[in-house]
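Residues per chain are reported as follows:
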Number of protein chains: 4
Amino acid sequence: MIAKTEASGGTGLLSEVLTFTSSLPLDRQLLREDLVGSLAHLTMLTRQKIVPEADALAIRGELLATWDAAAEGRLQLPEEEDVHMAVEAQLTAVLGERAGLLHTARSRNDQVALDLRLRARAVCAEVLAELGRLLETLAARAEAERDLLLPAYTHRQRAQAITGGYLFSGYGAMILRDVEAFRFALATADVLPLGVGAIAGTSLPIDREVTRRLLAFARLSHNGLDTVGDRDFALDLGYAVTRCLLHLGRVATDFVDFSSQEFGFVRLGGEIACGSSMMPQKRNPDLFELIRAKSASAVGNLTHLMVLTKGLPSGYNRDLQDDRRPLLELGPLCLDSLRALQMGLAHVEFDRERCLAGLRIGYTQATDLAEALAERGVPFRTAYQAVGALVRRCQEEGRVLSAAPAEMAQAIHPLLNEELLKAATPEGSVTRKRNLGGTNPDEVTRQVAALRRGAEEARSAAVAVPSLGTLFNNLRVAPLR
Amino acid sequence: MIAKTEASGGTGLLSEVLTFTSSLPLDRQLLREDLVGSLAHLTMLTRQKIVPEADALAIRGELLATWDAAAEGRLQLPEEEDVHMAVEAQLTAVLGERAGLLHTARSRNDQVALDLRLRARAVCAEVLAELGRLLETLAARAEAERDLLLPAYTHRQRAQAITGGYLFSGYGAMILRDVEAFRFALATADVLPLGVGAIAGTSLPIDREVTRRLLAFARLSHNGLDTVGDRDFALDLGYAVTRCLLHLGRVATDFVDFSSQEFGFVRLGGEIACGSSMMPQKRNPDLFELIRAKSASAVGNLTHLMVLTKGLPSGYNRDLQDDRRPLLELGPLCLDSLRALQMGLAHVEFDRERCLAGLRIGYTQATDLAEALAERGVPFRTAYQAVGALVRRCQEEGRVLSAAPAEMAQAIHPLLNEELLKAATPEGSVTRKRNLGGTNPDEVTRQVAALRRGAEEARSAAVAVPSLGTLFNNLRVAPLR
Amino acid sequence: MIAKTEASGGTGLLSEVLTFTSSLPLDRQLLREDLVGSLAHLTMLTRQKIVPEADALAIRGELLATWDAAAEGRLQLPEEEDVHMAVEAQLTAVLGERAGLLHTARSRNDQVALDLRLRARAVCAEVLAELGRLLETLAARAEAERDLLLPAYTHRQRAQAITGGYLFSGYGAMILRDVEAFRFALATADVLPLGVGAIAGTSLPIDREVTRRLLAFARLSHNGLDTVGDRDFALDLGYAVTRCLLHLGRVATDFVDFSSQEFGFVRLGGEIACGSSMMPQKRNPDLFELIRAKSASAVGNLTHLMVLTKGLPSGYNRDLQDDRRPLLELGPLCLDSLRALQMGLAHVEFDRERCLAGLRIGYTQATDLAEALAERGVPFRTAYQAVGALVRRCQEEGRVLSAAPAEMAQAIHPLLNEELLKAATPEGSVTRKRNLGGTNPDEVTRQVAALRRGAEEARSAAVAVPSLGTLFNNLRVAPLR
Amino acid sequence: MIAKTEASGGTGLLSEVLTFTSSLPLDRQLLREDLVGSLAHLTMLTRQKIVPEADALAIRGELLATWDAAAEGRLQLPEEEDVHMAVEAQLTAVLGERAGLLHTARSRNDQVALDLRLRARAVCAEVLAELGRLLETLAARAEAERDLLLPAYTHRQRAQAITGGYLFSGYGAMILRDVEAFRFALATADVLPLGVGAIAGTSLPIDREVTRRLLAFARLSHNGLDTVGDRDFALDLGYAVTRCLLHLGRVATDFVDFSSQEFGFVRLGGEIACGSSMMPQKRNPDLFELIRAKSASAVGNLTHLMVLTKGLPSGYNRDLQDDRRPLLELGPLCLDSLRALQMGLAHVEFDRERCLAGLRIGYTQATDLAEALAERGVPFRTAYQAVGALVRRCQEEGRVLSAAPAEMAQAIHPLLNEELLKAATPEGSVTRKRNLGGTNPDEVTRQVAALRRGAEEARSAAVAVPSLGTLFNNLRVAPLR
């Protein structure tokens, strides 16, 4: 049963109300963030002479002990309405009244904002590290498949020849943008809220700059009225996760399709192919289907967070507490999906023959032919119509385009000669697209280098954020004066 | 570590893949549904002579034992990729190969659809029962507050006088529509999916009609291709919950406002008023804020479910497994909020003076005056303009409307005489609106009776759904031939 | 420039404010609804002796003239803040002060609710009629393709053999549920809001029952406080449209895939196949892609409507005006998509050979074989493992399942004899699934009959709603006493 | 009737299909973007010797003429399936076959991406400029209201005293974050897609770097497969707009409440107060209600865009065309709301007496008193309890806190002396919160300076984006070799 304190509403409060309003089942996940935040706050209060050093040492000892107990799995947190009150109750049980010194110049409003920002910041850093790994994976795979020829699709119809290198480089382009989105989310989270109290600041002589440095935040929040009611960092994280999972979902759809018998472009390794409880012949791409599914979860969580803040008045409203479930879910959702995709890609093998077959049959070189005419001065629309007519003739006669007789072609347009027709091969098509962003292997090599630079940037951004453990270890021994 | 079975993909499958794809952490909540579904399936198979009676008795014994073990909290479900395989593994451990008989003519695709529908149907029934209780609560409160006078608001500006009876009847009107929405969701859920196998049915001589009766479903699903990929019952439940929570959120907003010092219309009892960790003077309406917040969670869950099915091909896709979290969350989300609102309403007390004061000052009788003129033949727009002029004069002179001197009024319009002005009281205003849907106390009494009828209908719909326990008790002893 | 009236806020109001707040650009689409509503209200007021008959005749004449002017495309509606004030201004310009009689006992709050409900009701009826047509189309196509054999898919992998009849029956099952959802939405919309005034009713002796009959609504709204702030009818319509478009989107995904070169199951007729501006060889399924896309628009509109009402206090809030765009978009969005799908289906032709080829190669009869063993008493899991082993052997040897040598099969399980293996054909597979919901052609015939009954119900529900034109024609000559 | 071209699908295409698939009704709004993009492409083609200069001059002349005709409102765009084909048809009508040269090395896939990015970039710039103006407005208002005392709210209960300066600075903090979000969206949009053709690039010797400079894009897109299917720039814009409108909605909720009779904190000027059609006494805050409503529209549009891309395979899919409506709506939605808010704020006047009254009665100085005790060494929880007891005593006796007799206070805690009690005034409370982010007037002055810096940054980011008109004027005379 949840304890009734003056902060929660007093002894008359119904237990059922506390059960409904309590966030402890979720925010006990934030215990470590709460302890680190309290250690930093305590250090600052002590340095500012607001809390006597002797008391501070006692409180710090108990905070450290709580961390250690949790790390060793032997912590029994008291049943309170949230993790902040639970820690306070824990301290009070040991230290008595002077435990109350820790809450000086602090409200749960700025305290919870701190815990959530520490978490959001850490998730951004972890995801950035994982995005870096994924970019490396894609770069390596792009190199490994640089000679693989396969069709690219528009409208799920074969369009033009590309290489495996180009395919993976294209996936990498989405991930490069994800790096940007998570850096944006990180910057929003990297702001210290502590020190604005319940809403308007505090009259005690705190120094927020000290706390900021102790917790390695980039900036201080601007204004308390805003700070306690602000969940933009949660929204930004939710948005970055959503956009990223929409990207992963598109890659996943490709591989669900590619692994179908109809496409047959890839074979799923036994490490990842799933079975059926009724149909013994199945090799199912469940892994990719579930990656695709995760985008729905992300959109749902983002929508939850957006709707939550809609129409609230300024300042703190208890509604905001309901940010916990989606916010805490975002990190694992994104990280697990990123890892699952890498796991999946590591165990798909392309069937080079099936991939190439699609290009031989599919008239995917038609545009190249039209462009070759255009290069010889024919207005593109005219060239387009001529090649279109040739394609239709070939289709009627069941021929592939490169096997069109020169006389048939030249009857349609005099410049459609044998040399042009012969050059209409997948290999030629891919090689001739030399411009930036095109399929030429050297250009793809350039693109791959850009993916690697992105990976490096992602890693740099990630390691610039100190982990909770690092912060804790610093605060454990931070000077108190 | 999750067991690797042929159904999950074979022994080569990576553990990390199973961890990512497993639904067991969530769908172990569906154990009871799974057992009841298996008992019904087994009974049907046995009656159809597909499974020998002796084997059936053994399997049934083990299913019953599993239920009992779970009920007594001593069940250790094997780690498998989902609850269905876990139960199968449990049976196999005891019964060996013949446990496999239970999976005859069944696929996880129709099995999971059954479990989810049993859950969705039960949630609909529980919510209907709770809506019935809420309607009774609102009806009783409407009667209790029938003489309370307060302003109704448009644009959050005082508009016209109403009674407390009318306010609670208005809330009840939303809940009446919720009853309809949950009855609709119930009808969608109340369809037996079992018997369509993986996608196309089964060649074994099952009789779905027998299973339907055993599980008390209203109808059989139409076609397997549709059945295994259909989550409309989840969407319908998600929508009904969302619409309901949007309603509760509006009521909650009223009470957040009403309990502010500015409105002062209600006083929160100590049973529900929450405190602050920093500001000792606070009596906060956290309960109502959190009820309002729950609508965000509902919209998020519904969006999750909608996005999940978007663009999927027909048939079963593993994406659908990701329906678990939102679907399982919907029931508690809605039920807890409904109960919280009833708890909240039970502990708010209206301040009759403060409520009435708003009407005395607020010129809320202006429309009545205009309507009185209209009743005497003045075109409404003309009447409206005349009363508008009178209101402005009163505002300039700091008078309330009923204290306007007759000569001032008659200078504006000759029919604005003393009798009319005197009748412009809140009590008169409320009494004179006699039409259906209006504020007259007798009409409100009629409305309250309609709420009570709605409550009765909700209860009837709820009790018509047998509980899982009832189904289990029937199946425990159901004849096997 | 929008006129400044007392109702809009007076002459001091900034033009820019009116431009921002005006709904006229959108709600001029509701002119016909507004006129019909006004005619009914006027008729009631006159019968109740609230408006003199001579005035009523004059006002009615002008309302009729406005309708006719609009029908002939020569109406110049005055620039007012909304369609209601525009019509009022139009009447006043002709009739002077007595035009104001029409606004007696009515507020824009109940007036706009009426217009929107008339529109929502009509959309429901139109969609129901279109769903009826689609069900007939699907039923006819199911009959036409009853002998077509093709694979059904789970996880986008070939699963089991079905017929074209079963495929279209499966699509029909989704549409049957859409009929239910639109009937639910229709019932919500079919409630007269008029007569509750701004929020609390009116003191004038109106008779809402008269208006209800004139406008053929099924019921009266319960309470004014609720009525003016209620947009559940818009939400219900939005939800029904969304669920329906999610269904159409899944059908569309099938046909995008089926028309790819990889599947090759269907050929798009020249009536619907779209081209490319750069690639002359393309025959793109744009029509199906855009049908799939429409589900996004629907989810967006529904979300818009849900978020709009989130957290609003009770009563009317101007926020609600912003329901116009999504609400007005829902009808065309759904109707156009339904028609587009029918158009698309009319011009796809199945390639029977390609469809069948997938079954020959794909081991889709494995389950049948396992079930045949199960029928002979082998526990299903054992049978499943035996057939799984056989499939793997066949795959290694590049054989199709029905060509497995009996000795190889019997070495795996003695009951896997030649007779069983020979029966493992797509035709046999389809025929043997005789249960309700299965693929047997007679069972599909039964399913098709159910689609036809659903079509009939949809049509009946549609025609039970009188069109706006019918209501207008009745009101044009309705007795005024 | 829409023209049937080879690009649209050929002459057999049904008109109804073209009506359903055409985007012209919406994308004719993108005519100017399309012309500017074509001018840049033409210039590059000519410089690269792909198009002869004489032809280029003829085509440019016609493109310029089309722009001018549109500017003068006399353009009749041909009915084609989209704006790109309409412009091409227009050119062909005048120039014949050589008009087709313009389409060389370009596909509609990269062309439409260019038009949309030009639009998204311009919207970002316009919004940034408007955010700069809003920040200036808020800064100025913060200065003007620096002495106004009013309560800040948590849980919609009076919490602590703040100044008007602090309130507006708090609003500004949200807008500062919006500047960051729009700069992020701008960076995503500021990437040239042109040159990747349909999906894989082009074999013609184009130079994308030339086009990039002509259109002043910051970067080139990385890879064609990604580029043609990428709508992240639309999502990022949608997200930035949504977050911004959620912010504006919270400000709007404050002013809806503040202008109620219950709060009475502000008076709406006649320039913005709206009336009622039925209740002549009303002064409604419709402007603020509609600003709040716009967040729903934004969430709807963002959701639309997210769902649209969900689950699509890589490359271009026609689904993406359905991005038009939400994307085109985002700009006006955001700009109009930002302007409406500035308009609204310009015409609200604070009632200083009513604002202050809330502080006198509300015990909002309790925390200050507890902090004063804490400053004297009392553990905060102890101080909190003591002041809580004092507040309850004052409430029982109907006293305000600063009027508590010293003996009563000291009986509760000996340090609660007269000096402390006297200092518990709103003015003292506000002044004593000197820390960064607090309410002290000098600190607020510092915050206001930060708003002004943000305004300057927003303006700089805005002016760095050349307008479409500027680009056009440069391209009109750009050298062709």
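If you're wondering where the values come from, they're calculated on a predicted model, not measured in any experiment.

Student: Break down the environment of Pro426(B) for me, citing the residues and quoting the values.
Tutor: All names here are of chain B. Mapped onto the secondary structure, Pro426 falls in helix α18 (residues 426-432). On the basis of relative accessibility, which here comes to 10%, the residue Pro426 falls in the buried class. It is 8.2 Å that separates the C-alpha atoms of Pro426 and Gln160, two residues lying 266 residues apart in sequence.

Student: Mind laying out the packing of helix α11 (residues 286-309) of chain C against helix α12 (residues 324-346) of chain C, listing which residues take part and the relevant values?
Tutor: Residues and elements named next belong to chain C. Where α11 contacts α12, the two axes come as close as 10 Å, and the packing angle between them is 160°. Between α11 and α12, the angle falls in the class roughly antiparallel. In the packing of α11 onto α12, the handedness of the crossing is left-handed. Of α12, the residues touching α11 (which contributes Leu287, Phe288, Ile291, Lys294, Ser297, Ala298, Asn301, His304 and Leu305) are Arg325, Pro326, Glu329, Leu330, Leu333, Ser337, Ala340, Leu341, Gly344 and Leu345. Residues of the contact of α11 with α12, tallied by class, amount to 11 nonpolar, five polar and three charged.

Student: Any details on the side chain of Ser295(A)? Residues and values, ideally.
Tutor: Tracing the backbone through its elements, the reader meets Ser295(A) in helix α11 (residues 286-309). For Ser295(A), the side chain forms a polar contact with the main-chain oxygen of Arg292(A), separated by 2.8 Å. Apart from the residues lying within four places of it in its own chain, the contact partners of Ser295(A) are Leu245(A), Leu246(A) and Lys310(D).

Student: Go over the relation of the copies chain D and chain A, please, and point to the residues and values.
Tutor: Each copy superposes on the other: chain D lies on chain A with an RMSD of 0.1 Å after a rotation of 180° and an axial shift of 0.0 Å. The two molecules are tied by a two-fold rotation axis, judged by turn and shift. Most of the interface of chain D is mirrored in chain A, where 99% of its interface residues are also at the interface.

Student: Describe the interface of chain D and chain C, naming the residues involved and giving the relevant values.
Tutor: Contacts between the two partners involve 57 residues from chain D, matched on the other side by 57 residues from chain C. Regarding the contact of chain D and chain C, the summed buried area is about 4700 Å², with carbon and sulfur atoms giving 64% of it. Here chain D and chain C share eight salt bridges between them. Between Asp286(C) and Arg318(D) there is a salt bridge; the shortest N-O distance is 2.4 Å. Counting the contacts that link chain D with chain C gives 14 residue pairs in polar contact (both at pLDDT 80 or more).

Student: Which residues make up helix α15 (residues 380-397) of chain D, and what values go with them?
Tutor: All names here are of chain D. With 18 residues, α15 should reach 26 Å at 1.5 Å per residue; the first-to-last C-alpha distance of 26 Å fits that figure. Listed in full, the buried residues belonging to α15 are Phe380, Arg381, Thr382, Ala383, Tyr384, Ala386, Val387, Gly388, Leu390, Val391 and Cys394. Once α15 finishes, Gly398 follows within two positions and takes phi at roughly 70°, a positive value.

Student: So what's going on with the interface of chain D and chain A? Residues and values would help.
Tutor: Contacts between the two partners involve 101 residues from chain D and, on the opposite side, 102 residues from chain A. Linking chain D with chain A are 12 salt bridges. Along the contact surface separating chain D from chain A lie 63 residue pairs in polar contact (both at pLDDT 80 or more). The greatest single-element share of the side of chain D that touches chain A, amounting to 13 residues, is contributed by helix α7 (residues 164-189) of chain D. Broken down by class, the residue content of the side of chain D that touches chain A amounts to 42 nonpolar, 33 polar and 26 charged.

Student: Tell me about the packing of aromatic side chains, residues and numbers included.
Tutor: Within this structure, the stated rule accounts for 60 aromatic pairs over all chains. With 5.3 Å between their ring centres and 40° between their planes, Phe258(A) and Phe265(A) make a pair best called tilted. The class for Phe258(A) is buried, based on a relative accessible area of 2%. When its relative accessible area of 1% is taken as the criterion, Phe265(A) is described as buried. Between the aromatic rings of Phe168(C) and Phe255(C), the centroid separation amounts to 6.5 Å while the plane-to-plane angle is 35°, which identifies the pairing as tilted. Highlighted residues: Phe168(C) in helix α7 (residues 164-189) and Phe255(C) in helix α10 (residues 232-258), separated in sequence by 87 residues.

Student: Account for the pattern of salt bridges, naming residues and giving values.
Tutor: Tallied over the full model, the rule gives 175 salt bridges over all chains. Between Arg183(A) and Glu457(A) there is a salt bridge, with its nearest N and O atoms 3.4 Å apart. Here Arg183(A) is found in helix α7 (residues 164-189), whereas its partner Glu457(A) is found in helix α19 (residues 441-463), with 274 residues between them in sequence. Given a relative accessible area of 38%, Glu457(A) falls into the partly exposed group. Residues Arg177(B) and Asp226(C) are paired through a salt bridge, measuring 2.8 Å at the closest nitrogen-oxygen approach. One end of the pair, Arg177(B), is in helix α7 (residues 164-189); the other, Asp226(C), is in helix α9 (residues 224-229), on a second chain. Arg177(B) gets classed as buried once you look at its relative accessible area, which sits at 15%. Through salt bridges with shared partners, a single ionic network connects Arg117(A), Asp226(A), Asp230(A), Asp232(A), Asp236(A), Arg177(D) and Arg243(D).

Student: If you had to explain the packing of helix α6 (residues 108-144) of chain B against helix α19 (residues 441-463) of chain B to someone new, which residues and values would you point to?
Tutor: Residue and element names in this part refer to chain B. The contact between α6 and α19 brings their axes to 8 Å, and the two run at 160°. Here α6 lies roughly antiparallel to α19, going by the angle between them. Seen from above, α6 lies across α19 with left-handed handedness. Between α6 and α19, the contacting residues are Ala125, Leu128, Ala129, Gly132, Leu135, Glu136, Leu138, Ala139, Ala140, Ala142 and Glu143 on the first element and Val448, Leu451, Arg452, Gly454, Ala455, Ala458, Arg459, Ala461 and Ala462 on the second. Tallied by class, the residues present in the contact of α6 with α19 amount to 14 nonpolar, two polar and four charged.

Student: Describe the relation of the copies chain D and chain C, listing the residues and the values that go with them.
Tutor: You can overlay chain D on chain C at an RMSD of 0.0 Å; the transform is a turn of 180° with a shift of 0.0 Å along its axis. The fraction of interface residues of chain D whose copies in chain C are also interface residues reaches 100%, indicating that both copies meet through the same surface.

Student: Outline the pairing of strand β2 (residues 157-163) of chain C, supporting the account with residue identities and numerical values.
Tutor: Residues and elements named next belong to chain C. With seven of seven residues buried, β2 lies mostly within the body of the structure. By the bridge criterion, six bridges tie strand β1 (residues 149-154) to β2 in an arrangement that is antiparallel. Note on β2: the bridge partner recorded for Pro151 is Ala161. Here β1 folds back onto β2, and the loop between the two strands holds two residues, one of which, His155, carries a positive phi near 55°.

Parameters at a glance
Residues numbered from 1 in each chain as written. Chains lettered and ligands numbered in written order. Predicted model: local features only at pLDDT ≥ 70, side-chain atom pairs only at ≥ 80, totals over all residues. Heavy atoms only, no water. Helix = DSSP H or I, 4+ residues; strand = E, 2+ residues; numbered from the N terminus. Buried < 20%, exposed > 50% of the residue type's maximum accessible area, 1.4 Å probe, protein only. Axes fitted to C-alpha atoms, helices over the stretch in contact; angles between N-to-C directions. Parallel < 35°, antiparallel > 145°, perpendicular 65-115°, else oblique. Left-handed = near helix turned anticlockwise from the far one by under 90°. Contact = heavy atoms within 4.5 Å. Nonpolar A, V, L, I, M, F, W, Y, C, P; charged D, E, K, R; others polar. Polar contact = N/O pair within 3.5 Å; in protein donor to acceptor, adjacent residues only side chain to side chain. Least-squares fit on C-alpha atoms with pLDDT ≥ 70 in both. Buried area = accessible area lost by both parts, 1.4 Å probe. Salt bridge = Lys/Arg side-chain N within 4 Å of Asp/Glu carboxyl O. Expected span 1.5 Å × (residues − 1). Phe/Tyr/Trp six-rings, centres within 6.5 Å; stacked < 30°, edge-to-face > 60°. Pairing = 2+ DSSP bridges.

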